[in-house]
Every structure is written in C-alpha cells, then in structure tokens.
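Structural description and commentary
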Amino acid sequence: MKNLILPILGVVMTASCTSVEHSHESHTADHPNHSEQHKVFEPNYFDLRDYNPVNITPEFISAAHTQGINSCDYQYIAPELDKFVAPAVIQSKGGSLNFTLAVQYHEREIAGCNTWLRNYAYKQDGQKEFKPAPVGPTLKVAPGDVLRFTLENRLPSCELAPDYLCSGKGHAGHHSNAMLSDEEANHINTPHNFNVTNFHTHGLWVSPSERSDNVLLEIQPGQGFEYEVRIPESHPQGTFWYHAHVHGSTALQVSSGMAGAIIIEGGNPKKDIGTQAQIKDKTDQLFVLQQVAYDCNGTIEYYEADERPEYVKDCKADDKALNIFGPGDWQKTKRRTLINGQVVPKIEMRPNEIQRWRFIHAGVRETIKLSVIDKPEWQNNMNPVPLGFLNQISVDGLNTGRIDRWQLDGQKTEIEALQPGYRADYLYQAPSKAGVYWLVDLDSAPQKSLQGVPEDTAELLQIVVKGEPVASKDAVLPTSAELISYRAHDAPTQGEIAAMDKSENKESMMFYLGSRVSVNAAIATAKQEKKDFNCQNIWNEDINNGVLLDNHHLSDKEKGKDTIFSVDGKPYGQIETRELTLGTWQRWDLCTRGLAPMHPFHIHVNPFYAPRVGPDGKEQWVWRDTLAIEKGADKPKTDENGVNLSGSAPHTVVYSKYRYPESLPGFNGNVKQQYTGEFVLHCHILDHEDQGMMQKVKLIESK
C-alpha cells in the first residue's frame, strides 16, 4: 500500500470541505455525458447548522490505555453469553420511512475494550437527540414504499483533520472519466477520506442515480444530504442491507460498524414468504455478522501499520506491528465476529422449535462456515461433530422457491460458506433434546479461506434448548413444492441461455491482485498474439501468477508501487466505464487471477443467475448479487507435446438481465430513465475495493 499522506492528491482532487458550490461545479464539468436523456444531476449538499464535532482522539481513550484500564490488547476473548438482542428497528408508515441518520464518533465497549469508532446514530418523529447505533438500525419497509432520510456527516472537519481523513473534493475527484497516470491512480487508490461518507443499499433493485442509491456521492464533514429511494411495488421481499461506500474508506467505515439491515416484507402476500403456513408466526431472528477491526487503542485510524498516524500508539503481536487489514492479521488480533454487536450472545429455544434466521455478512475479511455443535467444551476437541440441518430458503435476500437442507455434518457436501456481502435465510429447527448447543464458524482451509490462510473454529452464538417441546403441528418444515410460488425471479429459459452463450456480446470481468509489471506484460503479449485479454484466454501462469517478473529489477520504492488491485489488470481510475443496456440479457465470464485464492464479485442494481454446489452435491443455480470467484488452476493440463487438454482458463459463467420496473411509487416520469446512470462493480473484500479493485458501470436505455 502507498503513503497515506497523499501529497499530490491536490493535483487529482483539490480538498474542499466547505464549498458545496465548488463540488457541484466539479461534478458537472466531469460528467458532461452523465445522461444524454436529462440534465446533469448536481447533488445538493447542505451545511449542518449545529455542527460541533468532537476531537479525533479524545483524551479519555489515551488515558485509559496508558493507565492499563482498557482491555484492548490482542488476546483471547471469552464468550460473554449475554441475552441475544436484535438491532433497533424503524418501520415505514403510510408508504414511507422518514428518519435522520448521522455518522459520528461513538464511545462503545466491546469485550472490555473502550473503543472510539465511527458509527451511526439516528432519530425520527421529531426526536431532538440522536440514538447511538453501534449496529445500524434495521429499516423495515414494504414493496412500494419510499425511503426518505437525511444523512448527516458529523465527523471532525477537514480543517481540523490530517489530509488523509478528508482529502477529496466530492463526486468528481474519484469518479472522473479521465484516464489517470500510474502515479495519480496510486494516489486515489490509497486508503483515505476516512471522514467522508455516503450510503449504499446493498441488493436493492432501485435507481443508482441522483438521490437514490448513488455511491458516487461524497458527503464531507459538516454536510448533509437528503436521500430518496423509491422501492418498486414489484420489488422482491427479503433480507438486504446498507453500508457506507466512499472509495478509499469503505472498509474502515464498515469495519467500524457502519452497516445495518433492510428488511422488505409485506406487499403481495402471494410473494411474501413470511405469510407461508409453516413460516408464518415463527420467531424471526436477524444476525448481522461483523468483524469490528479495532486496534489495541480501541480505534481504527489506518489500514497498514506503517501508515499509522503519529497520534495513534503502535499495536503489536509477537513483536510485530499488525495491520488493520491484511491476510492473516485478523486472526492474529484474536478479535471475534460479532452478532448484532454482541460477543457470543445466548438465545433460548424450545425442543423442535423452528425459527427463521436471517444472516447478513456485514464483515470485511472472514469466510464464515455456519454449523451447530453440541459440545460445550468443544474447544478441547479439535474436530467437533456438527449436527442437524440449516434449511435455506433465500440467497442474498431472494427467495429460491425451494428448501435446501444443508446437513451440517457435511456427509454429503459442506454448507455454502458466507462471504462478505452475502445474505442467507434459513429455517433452523432446534434439537429435540434439551441442552446447550453452539452456532459456530467452522474452520476453513487456506484454499477455501477468503484470505488464503487457515481460519480456526469459533463460537458465534450459544443456543439453550429447554422447556416443553413445541406442538407437532408447529414442528413441520415446508416442502419445496409449498415454496415454489414465492420464488423471487424466474430462471432464464434454455433458449435465452443458448442465445447468450452464442452471442459475441459477452462480458468478461477479471479480478487481479499482483504485479503491475507482470499484468502489463501479459496484456501486451495478448495484444501481440491477437487474442482478447479475458477470463477464457488468460491463465494465472500467463501473468506470472501475479509475481513480479524476474527480468524486472525494481527499486524498493518502485516495488512498493508495483502491486495493484484491479479489474481486468487495470486499477480504478485507469479502466474505462463498462456500458450495459437496460432490458437485455447478457452472459458474464468471471475469474480471479494473481495472488489471492478468491474475490467476492458484487455488482449494484440487478442480481445475476449463478451456479453453486447444492446440498446434494450437484450443481444448482440461484439468483444473487454477490459471489466469491475462486482462482482455480494456475495453468492448463497438457499432453507430452504440450497441447492444452483443459480448454479455456478457469472462469465462472453467470447470466444477468438489466431489469427496470413498470412504475415507481409517487413518480410520474420516465421510469426506465431512472434506472440509467453510473454505479460500480467491485470486490467485496472492501479494502481491495478501496485500493482499486472496482470499475464504474453505466446503464443506458439503448445503444
């Protein structure tokens, strides 16, 4: 990673925290063709009247650490087993959900550590005071509702903060269509803008433009913005979520806890799975999974240890300074994955009771493989034996129209792991025998770990089963035949798939982490050989497996700038905007190349139809918006003459349709036009996105 101070960022994006008009002018100038159909949108940021931010590092945090009061060291954290508590809920009324959401520093205790983190706070219905929300409040809405809310940035201002905390000048600074030099790209892809924010509705099928799910907005400290997100009446019911999404600081803000659930329910009862006979009236539990990556000071103020600000004490494990984000560093901190901000809470169920469990992986860098075990002292057993089933009814908030019974002992196949950005809804049935059980994150081998390092088994939740068994009529799970009518989307027809497979109009998207020199050489070789640099043609060995080529002897300074996080071998700022046409189907070939074993692919606005291994070990297809793309083999199998026996290079085929609704609530204009505009696709290892593994996408009405 590069130097955080960003001395030449002013060349690319001049810092400006107070001039709203300046930011508007830049937006207009850099987007003359933002939409050929309507006037360029100028975001109306406004100044907060009662803006009085606290200091970046309050004295009580430093004093507590110096006096040994804080328990923030990197050490084992015991399960706390407090009663399970769901996040606060705010619900729509009369077709709209109105509230104010603030971003501010908040003092909060986590496992005995007095942390000082950027968090959400909220208020509504004329309340004067903000309520702190270490986990963002759950937003409950129905299809056809409108989210109308104000987002206020109450973090310290640019005038009081070091440059890297707020060094952008708004929309134009990061998202200009101009191609940047290597040096300029290195700077905008260096983590920064820690005190700048915005709002992304992950998984929602809503407009990506203007005051809706517009992740190109940048709200500076001391400013606010009024969002208006119109949810179509035809929107699927399900489990979605929201989080901050400013380029350069997404990982830092999300790992501080700036995320929350969006639950869409109600509307057409024929599509609302919550009305199904065996699901109706069942307890509905929400589990927001977070890896809050606070350091030994109880703060998150840097990404890598050598970029630590002077006012933050260094944090070490085994005499080595630890990064906040980096392969293996999360495990070394010994922090736990939290559920709704709690450290291994406790939940009670009756024997045979069925509950609906909604999981949101709102973390950044951990593969979570859910299972249930019955050994209270399981940590003394290196191989705990899982039991029972997790019965899946939804993937990424979209009802599958069937029940997938994942047998937790893995005798048939392992349950699909949760990666950052994933959601999964299960019907969990408690054991018939009273006792203490544990929901755990099972260990992952390096090749199946998001970080490419071993991940140990860890408790997530204690399940206490006691009391009288539920009535037999309440202990019956629905069948797939009873769920088919609740399916969120129909599958593409065989004819549509065949047409996409034959079409030359395919999309190829390659995540690449590795040497800039090596990938540039591979791109040049492909051009010389007159073949496309894409997922089908390029093997990992063609890019020297992401390692710097032996014949390029760079200085230490040059080596520090050689590693890039990229899409198709080009970091953000150097890759052209990908253009897609509304109303069309298209095939995508997705792949991972370079140093990492996998990257989770996420694209905004519309889901895609993708394969996975089902509970029976066979391939099945599901609609989703996030999918981990594994690297696969580095090179093809060949015969004794060196002839390729493998065919195309490893890649994952998915299909997508760029839908738009027939109508929007309270809107009488051109609905199709509302779904045009620019947004992004990116890796959902969010510090990878912050460092350049992202690409702008533009939806147009027609070519």
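So, how was this worked out
- Residues numbered from 1 in each chain as written.
- Predicted model: local features only at pLDDT ≥ 70, side-chain atom pairs only at ≥ 80, totals over all residues.
- Heavy atoms only, no water.
- Core = buried A, V, L, I, M, F, W, Y, C linked by side-chain atoms within 4.5 Å.
- Buried < 20%, exposed > 50% of the residue type's maximum accessible area, 1.4 Å probe, protein only.
- Contact = heavy atoms within 4.5 Å.
- Helix = DSSP H or I, 4+ residues; strand = E, 2+ residues; numbered from the N terminus.
- Polar contact = N/O pair within 3.5 Å; in protein donor to acceptor, adjacent residues only side chain to side chain.
- Pairing = 2+ DSSP bridges.
- pLDDT = per-residue confidence, 0-100.
- Axes fitted to C-alpha atoms, helices over the stretch in contact; angles between N-to-C directions.

1. Quick notes on the nonpolar core
- If you look at the biggest cluster of nonpolar residues, it comprises 61 residues, and the most contacted ones within it are W357, I463, W588 and F601.
- Excluding residues within four positions of it along the chain, W588 makes contact with E507, M509, R578, L580, F601, I603, T652, V653, V654, S656, Y658 and L681.
- Y122, L139, V141 and L147 belong to the second-largest nonpolar core, a separate cluster that totals 40 residues.

2. With respect to the environment of N391
- Tracing the backbone shows N391 in strand 19 (residues 389–395).
- The class of N391 is buried, set by a relative accessible area of 2%.
- Among the polar contacts made by the side chain of N391, one reaches the side chain of R405 at a distance of 2.7 Å.

3. Observations concerning the pairing of strand 7 (residues 146–153)
- Of all 8 residues that make up strand 7, 7 are buried, and the element is covered over most of its length.
- The pairing of strand 3 (residues 96–110) with strand 7 spans 8 bridges and is parallel. By the bridge assignment for strand 7, T100 is matched with T150.
- Where strand 7 meets strand 9 (residues 223–230), 7 bridges bridge the pair, whose relative direction is antiparallel. Bridge pairing links L147 to V229 in strand 9.

4. Structural notes on the confidence of the model for the protein chain
- On average, residues of the protein chain score 88 in pLDDT, and 89% of them reach the 70 mark or higher.
- Contacts from residues 1–37, a stretch scored under 50 in pLDDT, to residues over four places away or in other chains number 95 contacts.

5. Quick notes on the sheet that holds strand 18 (residues 370–373)
- In spatial order, the strands read 16-23-22-18; together these 4 strands make up an open sheet with mixed pairing. Each of the sheet's edge strands pairs with one partner strand only, and the pair in question is strand 16 (346–349) and strand 18. This sheet shows a mean twist of 25 degrees between the axes of neighbouring strands, independent of strand direction.
- The sheet contact formed by strand 16 and strand 23 (residues 458–465) spans 4 bridges and is parallel. Paired with M349 across the strands is V465, a residue of strand 23.

6. Observations concerning the environment of V89
- Its place among the elements puts V89 in strand 2 (residues 89–91).
- A residue is classified by how much of its surface remains accessible, and V89, at 44% relative accessible area, is partly exposed.
- Non-local contacts of V89, meaning those with residues more than four positions away in its chain, are made with T138 and K140.

7. Comments concerning the sheet that holds strand 29 (residues 608–613)
- Pairing is mixed across the open sheet formed by 6 strands, whose spatial order is 25-24-27-32-29-30. Edge positions in the sheet fall to strand 25 (563–567) and strand 30 (619–624), since each of these pairs with one other strand and no more. When strand polarity is set aside, the average angle formed by the axes of neighbouring strands in this sheet is 25 degrees.
- Bridge analysis of strand 27 (residues 585–594) against strand 32 (residues 652–657) gives 6 bridges, and the strand direction is antiparallel.

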